[in-house]
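Below are the chains, spelled out letter by letter.
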Amino acid sequence: SPPFTARLVKHAGKRVQRLDIISEAMATAARDAINAGTFTINSVEKKPVRRSPSPPFMTSTLQQEASRKLGFTAQRTMQAAQKLYEGVDDQGGLITYMRTDGLFVSPEGIAQAREVIGQRFGPAYVPEQPKYYKTKAKNAQEAHEAIRPTNMARAPETLRLDSDLQRLYELIWKRTIASQMESAKLDRTTVEIEEPSGQTALRATGQVVTFDGFMAVYEEGRDEKQKTGEDDEDDTTRLPALKEGSTAKVEAIRTEQHFTEPPPRFSEATLVKKLEELGIGRPSTYASILTTLRDREYVRVDKNRFFPEDKGRLVTAFLEQFFRKWVEYDFTAALETRLDEVSAGELNWKVLLRDFWTDFHAATSAAGELRTTAILDALNESLGPHIFPQKEDGSDPRECPLCHQGQLSLKTSRFGAFVGCSRYPDCKYTRPVAAPDAEGGGADGGDRTLGVDPVTGQPVELKIGRFGPYVETMPLDADKPKRSSLPKGWSPASLELEQALRLLALPREVGVHPEDGKMITAGLGRYGPFVLHAGTYANVSDIDEVFEVGLNRAVALLAEKRAGRPGRGSAVAPLKELGEHPEDKAPVQVMAGRFGPYVKWGKVNATLPKGTAPEDMTLEAAIPLLAERAAKAPAAKTKKAPAAKKAAAPKKAAAKKPAAKKAPAKKKAAAAE
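Computed from a predicted model, the values in this text were never measured in an experiment.

Quick notes on the overall build of the chain
Then comes step 1: The secondary structure content of the chain amounts to 19 helices and 23 strands.
Then comes step 2: For the chain, the residues scored as buried account for 38% of the 673 residues in total.
Then comes step 3: Considering only contacts within the chain whose residues lie at least 6 apart along the sequence, 59% involve residues at least 24 apart.
Then comes step 4: Working note: accessible area of the chain is about 40000 Å², and carbon and sulfur atoms make up 51% of it.

Shown next as C-alpha cells:
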C-alpha cells in the first residue's frame, strides 16, 4: 500500500503523552527503538462518516478561496469577477452578480447543475433531493443569488478566456457543481501498530475514502492553523486501505522539536473571514478595505501575510485613545444593522445621523483642544511596549542612549513621526519609530563607530536617523561628510566595516560603454540599486550585484531598459490594451513609465494605484483614474486677456496719455464684452 504517517504512542513499555519526550537523547533512543523493531498492524478501527459539500460562493468566500487556491488579492478577484459578470461575448454574462451575501440558487440553476452532474459523473453522484443553503453571516441581506455560472452546461474547458478569468470561472463552476453533488463517504480510521515485545507502538489516524462524491470535483481550501506542539490531525489526512495482521515496514523516521507558536498572521482570506464574523463591512466593501490598508501603508504584505507598519500602529493608537467608541468592533457591526433598518424604512435617517453626530462632534472638539504634547504622551503610553521595549538589564527603556539624561519620546515632523530625545537641541539623538532590535537597530538603538577607513584614516560611523540607519565618513579635503543609507535587508546590528566601506564607495565606475565611450556607473538610489549610462537608469536585481556587476552585464541591462523605453519619436508598445474610451473612442492603454506603470488616454496620463499590477487593470477601473487626473490638470488659457489689451491699445496710441489713465479704458473694454 502507499506510505502513510504514524506517530509514537508507546516507548519502553510506557504510554507516550504530550511533553513526555523532553530531550534530544530521549528522542534519539525512541528513534533507534523504532528503527530496530518489526511492526505489525494490530487493529484497524473504522467509523463511517459523511462529509457534505461546501455551499456555493458568496462574495466573502469567493475572495477567501481565490486567495487560498489562486493567490489572488481581494481586489484582483473582484476585477476578474466583474468581467465574468459583464461577459466576454454576445452570449451575455458568464456568472451571476458577484457582490452578494446570499447562498440560494434559483430552481433553474439547481436543475441545470443536477443535469450536468448526471451526465458527467453518473446517477450515483446526484443526490435524491436538491441541496439548499442559507447564510449564517451577521446582517446578511441575501438580496442576490449565490455566485454561480449563468449556464451550468458551459464547462470551463469549453471557454477561451484570459488567464485570471479562466481560473476564476473554473473555481466558481467547480464549487457550484460540487455544492449540488452527493456527500462523500469516508471511514474515520485509527490504526494501531506494534512490535512483538509490546515495548514500542505507533498509531496512525486519518480517513479512508469509500465514495468520493463531491470530492471528485472540488474540496475547499484550508487556512494555516496555529501550531501547538502537538500532532495536528484533521479530516484532510488520508490513509490507504489497511488490514489487521499485515506487516508495516518503516521507511523513514522523523524526529522534530516543536514549540508553541502564536496564531499565524492574517492572510487576505483569513482577514476577510474575520471581518465577516465580526459583522464589519459588506460584500461590496471587503476588497476596498484591504486595498486601503495597503495603499495608505498601514500594513505591508510579506509572503501573503499582513504585517502592521508603524504608521498603522500610530493611527490605531490615536483612534483608540481619543475615539475608542467609534473604532470598536461592536460599534461598526451595530452601525451596519442600523443602516439596514434605515434601508428597510424602520428607522429615520435623520435620527441615525443626529445620534451619531452629537457624540462624535463632542469627541472631535475635545481632541482638537488638546496640545500636541498631550497627544504624544498618550501615544507614548499606548505604544510603549512596542516603541520602548524592556531592556535585559532592567534599566529605563526610555533613557536616551546618547546623552543618558533625556527621555525618549515620539516626535513629529513634516516627514512623519520619529523618536527623539527630550533634551533637544542639546541632544540630537533620533531614530525611527520601530523599536531597535536585532533586525532594525544598532547597539542600544544609537550610533557606533565601525572602524577606520584604511585609505583616508577617517572613522566610519553607523548612525540611526529619523529616516533609518545610515553610514557616514568624512573624506579628505571635503566640506561635508559622505553618507549612504543601508539598503533593504541589511541589519544595522550585524553591519561590519567592510560592508560600510563598500556602500560609501558607491557610485562606482563599471567601465566604458562600447558604443559611445561614455562611462557606466553603478550606485544605490531612492528606488534601489542601479546602473547608469548617459541619463538611462537600469535596475539591478539586488544590492550585492551592484558591487560586482561587470561591463557585459551592465550593457545588457541598459539595452533591455532602452528596448522597453524607446527614445523620442519611437513608438512605445503598451503593456496592455484596455479598449476604447466611451467619450471619444480613443484607445486607453497601460504603459510602462520610469516611475511605474500608468494608464494613457490621449494626452491624459494617470498613475496606477499602489499594489495594482498592469495585467489586473481594466477599462472600468481606468476611466475614473483618468477622469480624476483630467480634473486636476490646469485649465487651458483663454484669449480674453489679449482681447482686452487689443481694445485698450488704440486709446493709448491716440491719446498718448500716461499709463495711469489706462484703467478706465480697460473697464470700458471689459464692459463692452
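This is not the end of the story, as more comes after the structure.
A closer look at the pattern of salt bridges
Then comes step 1: Applying the stated rule across the entire model yields 20 salt bridges.
Then comes step 2: The residue Glu-194 makes a salt bridge to Lys-10 at a minimum N-O spacing of 3.6 Å. In this pair, Glu-194 is assigned in strand β4 (residues 184–194) and Lys-10 in strand β1 (residues 7–11), connecting sequence segments 184 residues apart.
Then comes step 3: A network of salt bridges, in which partner residues are shared, links Glu-461, Lys-463, Glu-472 and Arg-483.

Here we look at the confidence of the model for the chain
Then comes step 1: Here the chain shows a mean pLDDT of 81. Residues at 70 or above account for 86%.
Then comes step 2: Helix α5 (residues 163–179) holds the highest mean pLDDT among the elements of the chain, 93, whereas helix α19 (residues 662–672) holds the lowest, 41.
Then comes step 3: The low-confidence segment residues 226–234, where pLDDT is below 50, has 19 contacts with residues more than four positions distant or belonging to other chains.
Then comes step 4: For residues 566–571, every residue scores under 50 in pLDDT, and the model assigns this stretch two contacts once sequence neighbours within four places are set aside.

Focus on the nonpolar core
Then comes step 1: Counting residues in each nonpolar core, the largest one holds 50 residues, and the members touching the most others are Leu-84, Ile-95, Leu-168, Tyr-169 and Ile-172.
Then comes step 2: Going through the elements one at a time, α2 (59–70), α3 (74–86), α4 (107–121), α5, β4, α6 (268–278) and α7 (286–295) are the ones with two or more residues in this core.
Then comes step 3: Take this core: its biggest share by element is eight residues, from α5.
Then comes step 4: Leu-503, Ala-538, Val-546 and Val-549 belong to the second largest nonpolar core, which has 24 residues in total.

Thresholds, definitions, all that
- Residues numbered from 1 in each chain as written.
- Predicted model: local features only at pLDDT ≥ 70, side-chain atom pairs only at ≥ 80, totals over all residues.
- Heavy atoms only, no water.
- Helix = DSSP H or I, 4+ residues; strand = E, 2+ residues; numbered from the N terminus.
- Buried < 20%, exposed > 50% of the residue type's maximum accessible area, 1.4 Å probe, protein only.
- Contact = heavy atoms within 4.5 Å.
- Areas by Shrake-Rupley, 256 points an atom, 1.4 Å probe, with all protein chains shown as cover.
- Salt bridge = Lys/Arg side-chain N within 4 Å of Asp/Glu carboxyl O.
- pLDDT = per-residue confidence, 0-100.
- Core = buried A, V, L, I, M, F, W, Y, C linked by side-chain atoms within 4.5 Å.

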